[in-house]
Structure formats: structure tokens, C-alpha cells
Amino acid sequence: MNLAEIYRRDAWHMRWSLYISFVMLAIGGFYGTLQALDKMGVDLYRYLPDPLYRYYLGLTVHGVTLGWMFTVFFIIAFLNLVTIHGLRRPLASPGLAKATFGLAVLGAVAALIPTFTNEASVLWTFYAPLQAHPAFYIGLTAIVVATWTAGINAYLTWRSWKREHPNVRTPLMSFAALTTWAMWALASVGVAASMLFQLIPWSSGLLAQVNPLLNRSLFWFTGHPVVYFWLLPAYISWYTMLPAQVGGRLFSESLARLVFLAFIPFSIPTGLHHMFPDPGIPHSTKLLHAILTFAVVFPSLVTAFTVVASVEEGARRNGGTGRFRWILRLPWLTNPAVSGQLLGMVLFATGGITGIINASYGMNLVVHNTMWIPGHLHTQVAGAVTLTWMAASFWLIPLLTGKKLWSVRLSTLQVWTWFFGMAIMARGMHWMGMAGVPRRVHLTYAPYALFDEWRLAGWLVGAGGVLLFLSGALFLYVIAMTVWFSRSPAQVEVPEAKPLHPVERMPLVLDRITPWVTVTVVLIAIAWLPSIYRIATTHPYVQGWRLW
Amino acid sequence: MATDIDRYELTWIYICVVALLVLFGVLLYSAYALGIHVETDVGQIHPAQVATTPPFDQPGLRMIGPDHYEAVIVARAWVFDPPEIRVPVGSTVTFKLTSIDVIHGFKIPRTGINRMIVPGQISEVTHRFDEPGTYTFFCHEYCGSGHHIMNGGIVVEPR
Ligand code: HEM
Ligand SMILES: [Cu+2]
Ligand SMILES: [Cu+2]
């Protein structure tokens, strides 16, 4: 089979998943800009019709479309492609792929209808006992189930590949995709349990009361690792593609594998760091999560070295010299598929530092639930991850449609403006957070808002938000023009980095996922089960409320 | 270990491991030697029983020792009961908080007081107010359409 042939059967669902994820980006980004302007006391909501003018409806739309939908649709498409390319074969089950796509679409529609009709203004974290329309919970659950079926399809594809290649190591790309699915399969159990056993029966009237702390814990069981579910596809691009895109090689394949595998055990027993200021949980349990949180920093620290070293190697092979001058050899202004990723990494580094602050037990109390937190999360998911995905889209869309990218110059302008927009907005958010401004607040109308004191910070948030709006519109324009009007055939292939040192031997555990999953199950049992069991069996259950 | 790991890469890994071990150490030291602790489990109370169970049946301020007060505050959409508390400067205040409806928050900027208020749970936090002035507190967890108006104040009066 020639290369293009192996994607042919699956191209339609990957393409449509990407399109849908971009539509979600557009919807969510629109409200994002209104939110950013609210932080400088400018209210554009009043020009919207009922019920869309409501701040918390908009914030729910922003969180749900971006956090649960833009991400999931993109991830499913991207991991499918990576699996297919890595194993050089189409997905094992076209039926399952179709079912995955259908389920995700139905889930998104089911969750968004009540959101837009103001039946589900509970934000993307849906903390009980705020009670939304059952379709909201059912829709989100369907999206989670779609991620499972996508993961199963990747596994089946790997299994049939393995039957034909019993003695060959799984290629890095597909191995990384499989570790991502394995991590997520374990991580998503929390939200799934909360939905299936509490929120869905309760909102449908089958259950009178739910346990707020239990559902909050189950949410954060999934809510922290979900960020690695967003991040790992970007890591796949940084490790297995970017070195090739800059003409270099991957520094070390075994280390890359270790990094991906390390996310399985370390991402889940850490979620309580989102709940340090919560009652009802002893601090010994919180301390355990605080310690494990530092462990999950490890794979990202390794990444900082390995990825930068691989990029440096490429730059030097292209004639880069000097201690730092090689950086200028990189295609910052000529290849948006590369510069988007590099700019994303710059944001990621700043977010790594703010992340360590968030996770630090004591300092957390200063920043918890302030604007600092959206500042951190926008450098990470909305910055590093989104920029990397935008950069990848500049070759993904041509690959899947056969049409050449509409404009390299506009695409370059796009990633740079997104970078500056995010950097400026996040700077303002961090600043506001330090001044004690709470997040998730319709600030323009908050009686305690001190806009005079926060003026500069608020202006940065607003200005960053407007720049992001323009950049987002430019992204959609480039993609739409490529899909609709590009006439030249695309000449792209999936970038695939070769290792610098070919590996003959590698410890077997770096080609196995099961042992890591086993360790993880034990760690989860230690870190989560006792407190979840105690809360579920001894803490109060309460009625639901609709307060919007 | 595998043979393809570079010498510099390995050095970097050792540096990272040491840095993380130091962070662990700092964390354990601050928790056990300095006694810096975040919120812990101080008990539960069902929202339906809040109105009849001490101390939440009588929200407000009472003295529990020399210069030491207990402030009992009940949160509900979208008010704190009581919304205002007055204490003399230099007082230590132990806040006891709970909610009778949904999750709320409690933050006083510039004091390090930052707590979640979860229905069914009791939150507790203690702080000494050494500077006179008005300290605004507000709800920092989304609790419905009036979330942004949910606030109150602590007036620390000069002696
Ligand atoms: C046009 C670009 C964007 C702008 C201007 C923007 C702006 C904002 C602002 C101002 C907030 C804080 C709202 C508040 O706390 O009151 C926020 C929250 C948030 N944003 Fe964005 N954002 C953008 C893109 C993104 C993207 C791409 C993602 C994810 C992939 C994202 C995910 C989130 C999440 C998860 C929250 C937290 C929502 C919550 O607290 O419930 N944003 N955004
Ligand atoms: Cu509140
Ligand atoms: Cu609130």
C-alpha cells in the first residue's frame, strides 16, 4: 500500500473531526473575547439577544466548547492519524470509527442545546449541587465514551499489527498514541462514575440527592489528568514530528518513551491539588497529592531538554552556529507549522513555572480561584497546546484534503499574533490574580471590583483578548480558504523524526504499557480510594439547585 | 538503562531528580516542621440542619478568648450571613463557614484566607488582623447568576 492510500479510508472522519473542532474554537473564542473585555470593565454582552447575553451562560459555552469539545474532536482525529501513520495501516474497524464520530457529534449537540437555552449554566466543571438539564450530562458522557471507542480502535489496530510483527518494537508514534489512550482510559473513570452514578440519575429525577464533595473529587480525579490528555498530543508532535520538520533527529527514543509512559502513573494521583482549600479532606491526603504532583513535573522537565536538543541538532545541521545563534536558524518566519510549535513551547515554559506555584501547597492559597488560574491555563492549553495544534493543522488539512495551504504568510502571522495575544492576556491575568481578583466573575458588575487599581492589568487582558479574536479569525480564514478555494495539490506528508542514535536494544518495559497501568492502579487505590470511599459513605447528600 | 541516552541528557535528568527531591523536602519541612497546613477535615453538617445546630443556628461574632473571636458565617445564594463583622485591631478571628445551598467560596485578599464552602461540610480558618481598615471578602466559586454580587466585609477598628 502506498502512503497516501493508508489514510484514504479514514480521511473523512479525521477531516470532519478537525472541522468540528475548529467550529468549537470559533464559538468558544467568541465568548472568550467578551470575557476578556469584561476584565477591563467593558460589557459587550448587552448587545446579545436573550438568553445569550448572560455572562455565565457564555462562560459555560467557553469552557465546554473549548475544554471538552475543541480538544476531544482534535485529539481523536490527531491520534487516529498518528496511529495509522505509525503502524502504516488503516484503523482496524471502520465501523467503530464511524460510531466514535457519530457518538461525539450527538454528544456535542445534546450538551450544547441546553447550554445555549440557559438550561445548563453550570460551567465546564458542573459542580453539584448546581443542577443542569440531564441532556447536558448525557451529552458530555457520550463524548467521553467516544474517546473510549477511539482508544479501543487504536488498540485493535495495534493488535492486528502486532500479530503480523510479533518481534518488532511498536513504532514510537503509535506507541505514544497508545500511552495517551491508556492514561486517559484510567483518568476518565472519575468523571464517568460521577456522571453515571450521580449526575445523570439525579438530574433525571431518579435520585433525590447527591454528594457535592464526592462529585467534586471525582471531577478532579479526571480534571487534572485531562490536561495531559490535551498535552500529550502536542508532545507527540514535539517529539516525533518537530525534529524532522527542522531537519534534525530525535535525541533519544528510549527517553521519549519513558516520558510518555511516566504520564500514566503520575497524572492521576495528583488531582487533589485543585482542592487544597476544600473542607472535608484531611491534609495528610492533600500532602500525598502535593508530593506526587511534583513527580508529574519530571517528564516535562525531561521534555524541555530532549525536545530543545533535538531542535538544536536540526538547526546546527542547517548551518546554525554559536551558543545561542543557532536559534535564529529556525524557520520562525517561514514555516508556521514549525514556528507555531516553538512559540507554543515558549508559553509552555512560563506556564510550567506558574504551575509549580499553583501546586505548592502553601502558595496555592494565594492563587486558588483567582484570575491567576486562567492565566496559567491559557499559557498551557490555550497557548502551548492550541498553538501546536494550529501549527499541525497547517499540514493536517492539506494532507487530508489534498489541497495546498492557502497562505504561508498569513499562517505565520496567525501563530505570532496568537502567541502575543496569549502572552499579553496571561500577563494581565496573572497580575489580576496577584491583586486578588477572583476568576469566573462577571467583573463589570461586581461591587468589589476596583477597576482603577487594576486598570493596567485589565487592559492587558482586554487587549490580549482582542488580538486573540483577530488571530482566531485569521486561523479560520486560512483553513476555510484552503478547504474551499485552494486549487494547487498539496505536497505534504506526515513528518516523522528518526532517532539520533539508532537503538538496537531497549528495556522491554519501554515497549509495554500493561506494567505501567498496573502500577497506576495501585497508586490510584492509595491516593484516591480511601478518601472517595469515606466521603461517599459518611458525608451528606443534598438536593439540587438551579440558581441562574 | 538503554544505550541511546546522551551524556548531557543524563546529567540533566540527575539535575531534575535532585531539584524535585529538594522540592519534596521543602514541602515536607513546611508541612511538618513549620506546620503550614491547608484546610483539613473539621466535620460535616447537613444543610437542612444548619438552622438548628450550634454554632450555625446563630451566625455572627462571639468572643471565645482574650482577643480571640469566632465568626460563624452561613453562605447562601448570594449573601453571607452576617455580611459584616467588626473586630478590634489585633484580634484573632476563627471563621466557621458552611453553605445551605450550593458550593461557595470565601476569600479575603491580602490575608491568605482562601476557602471553599461546600454544602454538607464545615470550613475553618483562623487569622489575626493586625492592620485596621475594611477587608472586603467575596465568594470566589461560581454559585449562580448573582455570584459576582456575593460579598461582605470585616471592619477592623482601631482600639
Ligand atoms: C480567543 C481566545 C481566548 C480568549 C480571549 C479567552 C479568554 C478567557 C477568559 C477572559 C477567561 C476567564 C473568564 C473568567 O474567569 O471570568 C477564560 C476562561 C477559560 N478559558 Fe479561555 N480564552 C480563549 C481561548 C481559550 C482556549 C483556546 C481554551 C482551551 C483550549 C480556553 C479555555 C478556557 C477555560 C477552560 C477557561 C475556564 C472556564 C471556567 O472558569 O469555567 N480558552 N478564557
Ligand atoms: Cu457564592
Ligand atoms: Cu459565588
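Remember, it's a predicted structure, so these values are computed and weren't measured experimentally.

Student: Would you mind going over the interface of chain B and chain A in detail, with residue names and values included?
Tutor: Across the boundary between the two partners, chain B contributes 61 residues, which contact 67 residues of chain A. Summing both sides of the interface, chain B and chain A together bury roughly 5,500 Å²; the carbon and sulfur share of this comes to 71%. Our count for the chain B to chain A interface comes out at two salt bridges. Ionic pairing is found between B:Asp41 and A:Arg534, a salt bridge with its closest N-O pair at 3.1 Å. The interface formed by chain B and chain A holds 19 residue pairs in polar contact (both at pLDDT 80 or more) in total. Contributing elements (two or more residues each) for the side of chain B that touches chain A: helix 1 (7-33), strand 7 (113-117) and strand 9 (133-138) of chain B. When residues in the side of chain B that touches chain A are grouped by element, the largest group, 13 residues, is from helix 1 of chain B. Looking at the side of chain B that touches chain A residue by residue, the classes come out as 35 nonpolar, 17 polar and nine charged.

Student: Outline the coordination of the iron atom of ligand 1, listing residues and values.
Tutor: Residues and elements named next belong to chain A. Surrounding the iron atom of ligand 1 are the protein donor atoms His 62 (NE2) and His 378 (NE2), which sit 2.0 Å from the metal. Relative to the metal, the six donor atoms surrounding the iron atom of ligand 1 lie at angles of 84 to 180 degrees, and the coordination shape comes out octahedral. One end of the pair, His 62, is in helix 2 (residues 55-87); the other, His 378, is in helix 14 (residues 372-401), and 316 residues separate them in sequence. Residues His 62 and His 378 agree in their burial class; the two are buried.

Student: How would you summarise the site of ligand 1 if you had to cite specific residues and measurements?
Tutor: Residue and element names in this part refer to chain A. Close to ligand 1 lie 27 residues; Tyr 55, His 62, His 378, Arg 439 and Arg 440 are nearest. Between an oxygen atom of ligand 1 and a side-chain N or O atom of Lys 39, the distance comes to 2.9 Å. Judged by the proximity of its atoms to the pocket grid, ligand 1 belongs to the second largest pocket. Considering every element that reaches the shell around ligand 1, the biggest residue donor is helix 1 (residues 3-38), with six residues. Here the residues of the shell around ligand 1 are counted per class, giving 16 nonpolar, eight polar and three charged.

Student: Residue-level account of the nonpolar core, with values.
Tutor: In terms of nonpolar packing, the biggest core is built from 223 residues, with A:Met69 and B:Phe95 touching the most fellow members. Per-element tally for this core: the top contributor is helix 2 of chain A, with 22 residues. Taken domain by domain, this core gets at least three of its residues from each of domain 1 (1-36) and domain 2 (47-157) of chain B. Apart from residues lying up to four places away in sequence, B:Phe95 is in contact with B:Ala71, B:Ile73, B:Ile85, B:Phe106, B:Ile108, B:Ile113, B:Ser123, B:Glu124, B:Val125, B:Phe129 and B:Ile154.

Student: Account for the coordination of the copper ion (ligand 2), with residues named and values stated.
Tutor: Residue and element names in this part refer to chain B. Here the copper ion (ligand 2) is held by the protein donor atoms His 104 (ND1), Cys 139 (SG), Cys 143 (SG) and Met 150 (SD), which lie 1.9 to 2.5 Å from it. In this structure, the copper ion (ligand 2) is surrounded by four donor atoms whose angles at the metal cover 93 to 132 degrees, and the resulting shape is tetrahedral. Expressed as a motif, the donor residue spacing for the copper ion (ligand 2) is H-x34-C-x3-C-x6-M. Its relative accessible area of 0% is what places Cys 139 among the buried residues.

Student: Report on empty space enclosed by the protein, specifying residues and quantitative values.
Tutor: Residues and elements named next belong to chain A. Tallied over the full model, the rule gives one cavity of 30 Å³ or more. As a volume, the largest cavity reaches approximately 50 Å³. Around the largest cavity, the lining residues are His 13, Ser 17, Ile 76, Asn 80, Ala 97, Thr 100, Phe 101, Ala 150 and Asn 153. Of all the secondary structure elements, the ones that give two or more residues to the lining of the largest cavity are helix 1, helix 2, helix 3 (94-116) and helix 4 (134-164). Sorting elements by how many residues they give to the lining of the largest cavity places helix 3 first, with three residues. The class makeup of the residues in the lining of the largest cavity is four nonpolar, five polar and no charged.

Student: Can you tell me about the pattern of salt bridges, naming the residues and giving the values?
Tutor: Here the idea is simple: oppositely charged side chains can pair when their charged atoms come close. All names here are of chain A. Scanning the model with the defined rule gives 25 salt bridges over all chains in all. Residue Arg 317 pairs with Glu 313 through a salt bridge whose shortest N-O separation is 3.8 Å. Here the residue Arg 317 and the residue Glu 313 both occupy positions in helix 11 (residues 283-317), the gap between them amounting to four residues, near one helical turn. Its relative accessible area of 48% is what places Arg 317 among the partly exposed residues.

Calculation rules
Residues numbered from 1 in each chain as written. Chains lettered and ligands numbered in written order. Predicted model: local features only at pLDDT ≥ 70, side-chain atom pairs only at ≥ 80, totals over all residues. Heavy atoms only, no water. Contact = heavy atoms within 4.5 Å. Buried area = accessible area lost by both parts, 1.4 Å probe. Salt bridge = Lys/Arg side-chain N within 4 Å of Asp/Glu carboxyl O. Polar contact = N/O pair within 3.5 Å; in protein donor to acceptor, adjacent residues only side chain to side chain. Helix = DSSP H or I, 4+ residues; strand = E, 2+ residues; numbered from the N terminus. Nonpolar A, V, L, I, M, F, W, Y, C, P; charged D, E, K, R; others polar. Donors = N, O, S within 2.8 Å, 3.2 Å for Na, K, Ca; no water. Tetrahedral: all angles 85-135°; square planar, octahedral: opposite > 155°, others 65-115°. Buried < 20%, exposed > 50% of the residue type's maximum accessible area, 1.4 Å probe, protein only. Near = heavy atom within 4 Å. 1 Å grid on protein atoms, 1.4 Å probe; cavity = no way out; pocket = protein on both sides within 12 Å on 5 of 7 lines; lining within 4 Å. Sits in = over half its atoms within 2 Å of the grid points. Core = buried A, V, L, I, M, F, W, Y, C linked by side-chain atoms within 4.5 Å. Domains from an automatic or database assignment. Points joined across faces, edges and corners; volume = space filled by probe spheres on them.

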